[in-house]
Amino acid sequence: MLSPKLKPVFEEALEIFPGGVNSPVRSFAAVGGTPVVFSRALGATLWDDSGRPYGDLVQGWGPHILGHRNPKVEMLVKRQLGRQWSVGAPTPEENQLGRLIQIAMPHLERLRLVNSGTEAVMSALRLARAWTGRPLILKMDGGYHGHSDGLLVRAGSGAAQLAQASSEGVSTSTAAQTISIPFNDLEAVRVALAAYPLQIAAVIVEPVAANMGVVLPQPGYLQGLRDLTRAAGVLLIFDEVITGFRVAKGGAAQRFGVTPDLTCLGKIIGGGLPCGAFGGSRELMDQVAPLGPVYQAGTLSGNPLTMVAGAAVLQQISKPGFYEDLEDRFLAFYEQLEPMVKNLAHERGWGPVVLQSCASLFTVFFSSEEVKDWTSASRCTVKSYSQWFHWMLGRGYFLPPAQFEACFLGQSHDKAWLNRLLRVLKNGGV
Ligand code: PMP
């Protein structure tokens, strides 16, 4: 039971956690104001601690493609509570989730389950360095791959609005092992590969960038990365922590028809409980301990509660037509949403707006130009985004509290829900 409230929850949180939060973007630092504290979630709705409902376009930052507390997930997790939670030994539950991932993504001939996207990426990079015997990693400006040291170099997401280009506390020698170049720029990849011959272990990319807002790969970009990396003996890593099971069942690899050497997953595969995974060909993954020399481990990895939640989600999204239905519904929604937000922004003096989307992901950029990379993203008017965010919050909608993030939709954003949102925009919230 919650203790009787002596002070507002967030005020208390400030006395316990740095900035009152356990992950920086939650603090509203990028939009101003005090974070809303949520006490209950169901489908596409969140309720704050006074019982006020909010339409949720964050959806836990991605795991809930079926909405909060999907009944089947909830039922199976409850049943699992009466069996086992974490035993630190092989279990049938991990096979079930692993198999479902393999079926959707056959290029993951072997995979390892971990507890977060950060862990998945960190481990994949270690493997890439071991496999190639090379030290350097190539990433894209504004790409976010978790908070491990070497990847906080010109990172997106919560790190994008920090004062520095990367985090304090990352040693110069570690940061120097990461080369960051613009997204959607194959020439920059060519130049980097030529500048560091036989030194680059891997190119890591969000195949649809979602941590500088939603930025699509330009036609031919992903295939170009595939060709250039293959020719240079460099591993191509798709960070599909967001795009995996979201932009298609088989992730961006399936949607764009490009197969990477290693894939990192998170979010949806854990059904809302902590989870990540990395995988690739059998030959490559057999380098991981205990078979090979690349050490990687985790006390809670593959824990049965997460496994059951993730499997319950993957089973439901495997039904034929699941992604097609979502895509049709959201395309029709975006077509109506974009002119309405443009109008609203015009009326309220927030300036020009561009909407960019991929499947159930979208971002409203306050910009006059298409966003193609971090340079164009950084030209957005973040003050206008804050105004839009607070306007929507005041009308009971919870958007990502920062410009450089994606809105997440899913199965529970049905037509009636989407139409309600459009009506709010049309009527100016009355
Ligand atoms: N990669 C990508 C593409 C992400 O979006 C994120 C988190 N949003 C991560 C890695 C890190 O995942 P986690 O927060 O689970 O460590």
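For the structure itself, consult the block above.
Residues numbered from 1 in each chain as written. Predicted model: local features only at pLDDT ≥ 70, side-chain atom pairs only at ≥ 80, totals over all residues. Heavy atoms only, no water.

Turning to the overall build of the chain, a few remarks are in order. For the chain, the helix and strand inventory stands at 14 helices and 14 strands. Its C-alpha atoms give the chain a radius of gyration of 21 Å, within 12% of the compact-globule value 22 Å for 430 residues. The burial tally for the chain puts 56% of its 430 residues in the buried class. A separation threshold of at least 6 residues defines the contact pool for the chain, and within that pool the share at least 24 residues apart is 70%. (Helix = DSSP H or I, 4+ residues; strand = E, 2+ residues; numbered from the N terminus. Rg over C-alpha atoms; globule rule 2.2 N^0.38 Å. Buried < 20%, exposed > 50% of the residue type's maximum accessible area, 1.4 Å probe, protein only. Contact = heavy atoms within 4.5 Å.)

Along its 14 residues, helix α10 (residues 304-317) runs 20 Å from first to last C-alpha, staying within 8% of the 20 Å computed at 1.5 Å per residue. For α10, a buried count of 13 out of 14 residues is recorded, marking the element as mostly surrounded by other parts of the structure. (Expected span 1.5 Å × (residues − 1).)

Within the structure, the ligand sits among Ser116, Gly117, Thr118, Tyr144, His145, Gly146, Glu206, Asn211, Asp239, Val241, Ile242 and Lys267. In this structure, Gly117 approaches the ligand through a main-chain N or O atom, which is 2.9 Å from an oxygen atom. With respect to the ligand, the side chain of Asp239 contributes an N or O atom lying 2.6 Å from a nitrogen atom. Look at the ligand: alone it shows 390 Å² of surface, and the protein chains cover 82% of it. Here the shell around the ligand is built from residues that sort into three nonpolar, six polar and three charged. (Near = heavy atom within 4 Å. Polar contact = N/O pair within 3.5 Å; in protein donor to acceptor, adjacent residues only side chain to side chain. Areas by Shrake-Rupley, 256 points an atom, 1.4 Å probe, with all protein chains shown as cover. Nonpolar A, V, L, I, M, F, W, Y, C, P; charged D, E, K, R; others polar.)

Spatial strand order, β1-β2-β3-β13: four strands in an open sheet with mixed pairing. Of all strands in the sheet, those with a lone pairing partner are β1 (38-42) and β13 (397-398), marking the two edges. As defined by bridge partners, strand β2 (residues 45-48) adjoins strand β3 (residues 53-56) across three bridges and the pair is classed as antiparallel. Bridged to Trp47 within β3 is Pro53. (Pairing = 2+ DSSP bridges.)

What follows covers the pairing of strand β12 (residues 361-365). Among the five residues in β12, five count as buried, and that is most of the element. Alternating residues of β12 divide into Leu361, Thr363 and Phe365 and Phe362 and Val364, and every residue in both groups is buried. The pairing of strand β11 (residues 354-358) with β12 spans five bridges and is antiparallel. Among the inter-strand pairings, Cys358 is bridged to a residue of β12, identified as Leu361. A loop of two residues connects β11 with β12, the two strands running antiparallel in sequence, and Ala359 in this loop sits at a positive phi of about 55°. Relative to strand β14 (residues 407-408), β12 runs antiparallel, the two sharing two bridges. In the sheet register, Leu361 faces β14, and the bridge partner there is Phe408.

Another aspect to go through is unusual backbone geometry. The amide bond that connects Ala289 to the next residue, Pro290, takes the cis arrangement and shows omega of 10°. Here the phi dihedral of Gln59 falls at roughly 50°; this positive angle occurs in a residue that is not glycine. In this fold, Gln59 is placed in the loop between β3 and α2 (71-81). Look at Gln59 and you get buried, because its relative accessible area is 0%.

Another aspect to go through is the packing of helix α11 (residues 322-348) against helix α14 (residues 415-426). In the contact formed by α11 and α14, the axes pass within 9 Å of each other and the chain directions differ by 10°. Between α11 and α14, the crossing angle belongs to the class labelled roughly parallel. The residues of α14 that touch α11, namely those facing Arg329, Phe330, Phe333, Gln336, Leu337, Met340, Val341 and Leu344, are Lys415, Leu418, Leu421, Leu422, Leu425 and Lys426. Residues that form the contact of α11 with α14 fall into these classes: ten nonpolar, one polar and three charged. (Axes fitted to C-alpha atoms, helices over the stretch in contact; angles between N-to-C directions. Parallel < 35°, antiparallel > 145°, perpendicular 65-115°, else oblique.)

A word on the nonpolar core. Counting 83 residues, the largest nonpolar core has Phe245, Ile317, Phe362 and Trp388 as its most contacted members. In terms of residue count, α11 provides more of this core than any other element does, eleven residues in total. Counting contributing residues, this core receives three or more from each of domain 1 (7-57 + 321-426) and domain 2 (71-317). Ignoring anything within four residues of it in the chain, the contact list for Ile317 reads Ile65, Leu66, Phe245, Lys249, Ile268, Phe322 and Tyr323. (Core = buried A, V, L, I, M, F, W, Y, C linked by side-chain atoms within 4.5 Å. Domains from an automatic or database assignment.)

Moving on to the pattern of salt bridges. Per the stated rule, a full pass over the model turns up ten salt bridges. Here Arg69 and Glu74 are joined by a salt bridge, their closest N and O atoms 2.8 Å apart. Relative accessible area serves as the criterion here: at 24%, Glu74 is assigned to the partly exposed category. Of the charged contacts in the structure, one is a salt bridge between Glu74 and Lys78, with a shortest N-O distance of 3.1 Å. A residue pair is termed a helical-turn pair when its members lie 3 or 4 positions apart in one helix, as Glu74 and Lys78 do in helix α2 at four residues. Put simply, Arg69, Glu74 and Lys78 are held in one network by salt bridges that share partners. (Salt bridge = Lys/Arg side-chain N within 4 Å of Asp/Glu carboxyl O.)

Here the focus is the sheet that holds β14. The three strands lie next to each other as β11-β12-β14, forming an open sheet whose pairing is antiparallel. The open sheet has two edge strands with one neighbour each: β11 and β14.

Remember, this is a structural readout, not a statement about activity or role.
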